[in-house]
Amino acid sequence: MPTSITPPPADDEVECANCGAYVYIGLTRCPNCGVSLYEPEDVEEKTSRFRSRSRFSRAVESILRKIRGEPDPAQELFTGALREKGLFEDLLRKVGGDRSAVERLIDYERQQRPGATRLTCLQNAIQRWEQENR
Ligand SMILES: [Zn+2]
C-alpha cells in the first residue's frame, strides 16, 4: 500500500494544522504533536457570545440605544468613515489634488503621534496645514 497517499479525515476528525495528523474533532490538543487545535479561549468565547446573540436581542439593544441616545456602533463606524473621506477630500483640495501629498501629510502626523487613527491624523494634518497657510 502506498504510504504517500493519505486517506481523507473521517467525518469526526480534523486535520492538525501543525503536523497533519487526523485528530478526533472533540479534542482540543493534537495527541501527536501537542499543539492546541483551537483559538485561544478568550477569542473563542467572544465569537461564540457574538454568534449566540439573536437578531431579536440585537434589535432590542438597538432600540434601547436609540432611547438612551447612544450611537449605534455600526452607524458610528459608518459616520466615522464618511468623516474620514470628507477630511481626506478637504486636505486633497488644499494640496491641489495630490493624493501622495495627502498620504505624506498623514504619515507625518502619524510619526508625531504614533498609534493615532487615520481620522485623527487627517484632522491634525488639516489643522497644521491651516496654521502654516494662513
Ligand atoms: Zn499535530
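Residues numbered from 1 in each chain as written. Predicted model: local features only at pLDDT ≥ 70, side-chain atom pairs only at ≥ 80, totals over all residues. Heavy atoms only, no water.

### Let's talk about the pattern of salt bridges
The condition that has to hold: Every case where a carboxyl oxygen of Asp or Glu lies within 4 Å of a side-chain nitrogen of Lys or Arg is listed as a salt bridge. By definition, any uninterrupted DSSP run of H or I lasting at least four residues is a helix, any uninterrupted run of E lasting at least two residues is a strand, and each is numbered from the N terminus.
With the rule as written, the count across this model stands at eight salt bridges. Here Asp-90 ties to Arg-93 by a salt bridge, and the two come within 4.0 Å at their closest N and O atoms. Placement of the pair is Asp-90 and Arg-93 together in helix α3 (residues 73–94), with a separation of three residues, close to one helical turn. Residues participating in the shared-partner salt-bridge network are Asp-90, Arg-93, Lys-94 and Glu-130.

### Overview of the packing of α3 against helix α5 (residues 118–132)
Condition: Axes, fitted as lines to C-alpha atoms, cover a helix only where it is in contact. Angles between the N-to-C directions of the axes lie from 0 to 180 degrees. What sets the label is the angle itself: under 35 degrees gives roughly parallel, over 145 gives roughly antiparallel, 65 to 115 gives roughly perpendicular, and the rest give oblique. The hand of a helix crossing depends on one turn: near helix anticlockwise from the far one by less than a right angle means left-handed, and clockwise means right-handed. Whether two residues touch is decided by their heavy atoms; if any such pair falls within 4.5 Å, the residues are in contact. For this classification, the nonpolar set comprises Ala, Val, Leu, Ile, Met, Phe, Trp, Tyr, Cys and Pro, the charged set comprises Asp, Glu, Lys and Arg, and every other residue, Gly included, is treated as polar.
Here α3 crosses α5 at 30 degrees, and the two axes come no closer than 9 Å. The orientation of α3 with respect to α5, classified from their angle, is roughly parallel. Of the two elements, α3 crosses α5, and the hand of that crossing is left-handed. Here α3 contributes Gly-80, Arg-83, Glu-84, Leu-87, Phe-88, Asp-90, Leu-91 and Lys-94 to the contact with α5, which in turn contributes Arg-118, Leu-119, Leu-122, Gln-123, Ala-125, Ile-126, Trp-129 and Glu-130. In the contact of α3 with α5, the residues fall into eight nonpolar, two polar and six charged.

### Things to note about the environment of Gly-20
With respect to the helices and strands, the residue Gly-20 is situated in the loop between β1 (13–15) and β2 (22–24). The sequence separation of Gly-20 and Asn-32 amounts to 12 residues, and the corresponding C-alpha distance is 9.2 Å.

### Remarks on the coordination of the zinc ion
For the record, the criterion: A 2.8 Å cut-off from the metal defines N, O and S donors, relaxed to 3.2 Å for Na, K and Ca; water is not in the atom list, so some sites may appear incomplete. A four-donor site is classed as tetrahedral when every donor-metal-donor angle falls between 85 and 135 degrees; four donors are called square planar, and six octahedral, when trans pairs exceed 155 degrees and all remaining angles lie between 65 and 115, with any other arrangement labelled irregular. Type-normalised accessible area, obtained with a 1.4 Å probe on protein chains alone, sets the label of each residue: buried when under 20%, exposed when over 50%, and partly exposed for intermediate values.
Bound to the zinc ion are the protein donor atoms Cys-16 (SG), Cys-19 (SG), Cys-30 (SG) and Cys-33 (SG), situated 2.2 to 2.3 Å from the metal. For the zinc ion, the four donor atoms are set out with angles of 107 to 113 degrees between them, so the coordination reads as tetrahedral. For the zinc ion, all donor residues lie on one chain, and their spacing in sequence is C-x2-C-x10-C-x2-C. Overall, Cys-16 belongs to the buried group, its relative accessible area being 2%.

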